[in-house]
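Now for the letters of each chain:
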Amino acid sequence: MASRPHILIVEARFYGHIADHLLAGAKAALDAAGATHDVVTVPGALEAPAAVGFALSGADGGGTEYDGFVVLGCVIRGETFHFDIVAGESARALMSLSVDEGIAVGNGILTVENEEQALVRADPARKDKGGEAAKTALRMIALRDHFGA
Ligand SMILES: Nc1c(NC[C@H](O)[C@H](O)[C@H](O)CO)[nH]c(=O)[nH]c1=O
Ligand SMILES: CC(=O)[C@@H](O)COP(=O)(O)O
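Residues numbered from 1 in each chain as written. Chains lettered and ligands numbered in written order. Predicted model: local features only at pLDDT ≥ 70, side-chain atom pairs only at ≥ 80, totals over all residues. Heavy atoms only, no water.

Test applied: UniProt positions are given in the numbering used here, feature names are shortened, and annotations may be inferred rather than shown by experiment.
Per an unreviewed UniProt entry, the recorded name for the protein chain is 6,7-dimethyl-8-ribityllumazine synthase, and the organism is Jiella sonneratiae. Per its UniProt entry, the protein chain bears the Catalytic activity (unreviewed entry) comment "(2S)-2-hydroxy-3-oxobutyl phosphate + 5-amino-6-(D-ribitylamino)uracil = 6,7-dimethyl-8-(1-D-ribityl)lumazine + phosphate + 2 H2O + H(+)". The record held by UniProt for the protein chain lists under Sequence similarities (unreviewed entry) the comment "Belongs to the DMRL synthase family."

## Remarks on the nonpolar core
Within soluble globular proteins, side chains that are nonpolar generally end up buried alongside one another. The following threshold applies: For our purposes a nonpolar core is just a set of buried Ala, Val, Leu, Ile, Met, Phe, Trp, Tyr and Cys residues, chained together by side-chain atoms within 4.5 Å. Remark: exposure states derive from per-residue accessible area (1.4 Å probe, protein chains only) relative to the maximum for the residue type, with buried under 20%, exposed over 50%, and partly exposed in between. Every helix listed is a DSSP run of H or I at least four residues long, and every strand listed is a run of E at least two residues long, numbered separately from the N terminus. Contact criterion: two residues are considered in contact whenever any of their non-hydrogen atoms come within 4.5 Å of each other.
Counting residues in each nonpolar core, the largest one holds 23 residues, and the members touching the most others are V70, L72 and L110. Among the elements of the structure, strand 1 (6-12), helix 1 (16-32), strand 3 (68-76), strand 4 (104-112), helix 4 (115-122) and helix 5 (129-147) are those that each provide at least two residues to this core. For this core, the element with the highest residue contribution is helix 1, accounting for six residues. Once residues lying within four places of it in the same chain are set aside, the contact partners of L72 are I9, V10, E11, A12, L22, L23, A26, G108, I109, G130 and A133.

## Topic: the pairing of strand 4
Working note: regular strand, side chains alternate between the two faces of the sheet. As a reminder, the rule being used: Following DSSP output, two strands are said to pair if at least two bridges run between them. Handedness is read with the strands pointing away from the viewer; a crossover is right-handed when the path from the first strand over the helix to the second is clockwise.
For strand 4, the buried fraction is high: seven of the nine residues fall into the buried class. As paired strands, strand 3 and strand 4 are joined by nine bridges and run parallel to one another. Among the inter-strand pairings, G68 is bridged to a residue of strand 4, identified as A104. Remark: the strand 3/helix 3 (residues 82-101)/strand 4 crossover connection has right-handed handedness.

## Comments concerning the site of ligand 1
Put simply, the test is: Whether a residue is near a molecule or strand depends on its heavy atoms: it is near if one of them lies within 4 Å of it. A 3.5 Å cut-off defines polar contacts: any pair of N or O atoms within that distance qualifies, except that in protein one atom must be a possible hydrogen donor and the other a possible acceptor, and neighbouring residues in sequence count only when both atoms are side-chain atoms. Computed by Shrake-Rupley with a 1.4 Å probe, the accessible areas treat only the displayed protein chains as cover when residues are assessed.
In the vicinity of ligand 1, the contacting residues are F14, Y15, G44, A45, L46, E47, C74, V75, I76, H82 and V86. E47 is positioned such that a nitrogen or oxygen atom in its side chain is 2.6 Å from an oxygen atom of ligand 1. Here an oxygen atom of ligand 1 sits 3.1 Å away from a polar atom, N or O, in the main chain of I76. Burial of ligand 1 by the protein chains amounts to 74% of its free accessible area of 440 Å². Counting residues per element, the ones that place at least two in the shell around ligand 1 are strand 3 and helix 3. For the shell around ligand 1, the element with the highest residue contribution is strand 3, accounting for three residues.

## Details of the environment of I7
Mapping I7 onto the fold places it in strand 1. Sequence-wise, I7 and A137 are 130 residues apart; in three dimensions their C-alpha atoms are separated by 8.5 Å. Those residues in contact with I7 that sit more than four places away from it in its chain are L30, A35, T36, H37, D38, Y66, G68, F69, V70, L138 and I141.

What follows is the structure, encoded as structure tokens:
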């Protein structure tokens, strides 16, 4: 793994107060690991995979300055099928990017039934899913480096 992994955090701010918690947890985990990071925001979880793709293509059209990616967001079920689309498609697209592009991704997009479930999972002092996603990205960077991939 790079001496100081450089991470892109993609933050979906559909629920800003939830995103704030997730971001705090992710930043704390990256800082504790000695990693550096940049943060970009997107409107919602559906846009998060595209942001990763933009970073991968980059200004020079190839490669990326980032060793890995942490994607943060919160999808809360409403009255319609849209939850399934947003939750399912964002996860599917991130999974496809990680497998097809061989990139290290920590998926910290919460998919929950209500705000209380989201708060418990976003809070760094409780389930800290943002920190968990950051640690996952770092682990996958190390694993990729182990295989020389
Ligand atoms: N309902 C939630 C959304 N919906 C918005 C979509 O993510 C997307 O921005 C919109 O469909 C325009 O393309 N996004 C979340 O992140 N969380 C939700 O609960
Ligand atoms: C997950 C969503 O897109 C959700 O906010 C949509 O709510 P609704 O299904 O009530 O329109």
